[in-house]
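If you want the building blocks of each chain, they are given just below.
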Amino acid sequence: MVKVSTKYAILGLLSRRPMHGYEIKKEFEKSVSYIWSINVGQLYTLLRKMESEQVVAKKEMPQDNARDKIVYEITDAGKGELKKWLSTPVLNRQTKDEFYLKMMFLEQVGKEKATMYIDEQIEVMEKQCETFKAMKEDHGESMEKFMSLLLEASIMHFEVDIKWLKMFKERMDA
């Protein structure tokens, strides 16, 4: 079975325009990579699976002095599936995150190492947050409205996690 959210991210991108694999990867990096990542091998595996499900179709586009380019486009069935997915609320939102998993077992390394880890994690998150803030400031006006809002949500998420880490550290000392 195709990983559900990745499948719909690809369908969403292809609903904008037909693209070849490299373009899909670049659009993925430019748009949804703030919240989701995909590697090239996974992308082509998913595209083959989605083609077998008939939600995307591929076309060979002849090129001068080069191999034919394979372009993928969303099918009518894919558009229908995407619309159905978009109109259905997420009923059970799961947060699979290595960060939270580590925090769950952090006590096993001892208080001193746990404190060091938390301080390092805060520093990493503050840098990521600042990077996102700079992106928003540098490109905010030229960004699509949704991407700007998504970037804002990511910034807020970092700020909340940093606040939570500081609270976690304080409560460790109590």
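Placed above this text is the structure.
Analysis parameters
- Residues numbered from 1 in each chain as written.
- Predicted model: local features only at pLDDT ≥ 70, side-chain atom pairs only at ≥ 80, totals over all residues.
- Heavy atoms only, no water.
- Pairing = 2+ DSSP bridges.
- Helix = DSSP H or I, 4+ residues; strand = E, 2+ residues; numbered from the N terminus.
- Phe/Tyr/Trp six-rings, centres within 6.5 Å; stacked < 30°, edge-to-face > 60°.
- Buried < 20%, exposed > 50% of the residue type's maximum accessible area, 1.4 Å probe, protein only.

Draft legend 1. Quick peek at the sheet that holds strand 1 (residues 19-20). In spatial order, the strands read 1-3-2; together these 3 strands make up an open sheet with antiparallel pairing. Because the sheet does not close on itself, it has two edges, and the strands there are strand 1 and strand 2 (56-63). Note that strand 2 and strand 3 (residues 66-74) share 7 bridges and pair antiparallel. Bridge pairing in strand 3 places Glu60 opposite Ile70.

Draft legend 2. Quick peek at the environment of Gln128. Looking at the element boundaries, Gln128 is found in helix 6 (residues 111-139). Between the C-alpha atom of Gln128 and that of Lys102, which follows or precedes it by 26 residues, the distance is 19 Å.

Draft legend 3. Molecular detail of the packing of aromatic side chains. Taken as a whole and judged by the stated rule, the model has 6 aromatic pairs. With 4.5 Å between their ring centres and 5° between their planes, Tyr8 and Trp85 make a pair best called stacked. With Tyr8 in helix 1 (residues 4-16) and Trp85 in helix 4 (residues 76-86), this residue pair connects regions lying 77 residues apart in the sequence. For Tyr8, a relative accessible area of 11% puts it in the buried group. Among the aromatic residues, those joined into a ring-pair cluster are Phe99, Tyr100, Trp164 and Phe168.

Draft legend 4. Quick look at unusual backbone geometry. Although it is not a glycine, Gln54 adopts a positive phi angle of roughly 65°. The residue Gln54 is located in the loop between helix 3 (40-52) and strand 2 in this model. Take Gln54: its relative accessible area is 59%, and that puts it in the exposed class. Phi angles above zero are rare outside glycine, and Asn65 is one such case at about 55°. Tracing the backbone shows Asn65 in the loop between strand 2 and strand 3.

Draft legend 5. Region of interest: the environment of Glu98. As for its placement among the helices and strands, Glu98 is situated in helix 5 (residues 98-105). Overall, Glu98 belongs to the exposed group, its relative accessible area being 57%. Considering only alpha carbons, one finds Glu98 and Asp68, 30 residues apart in sequence, at a separation of 41 Å.

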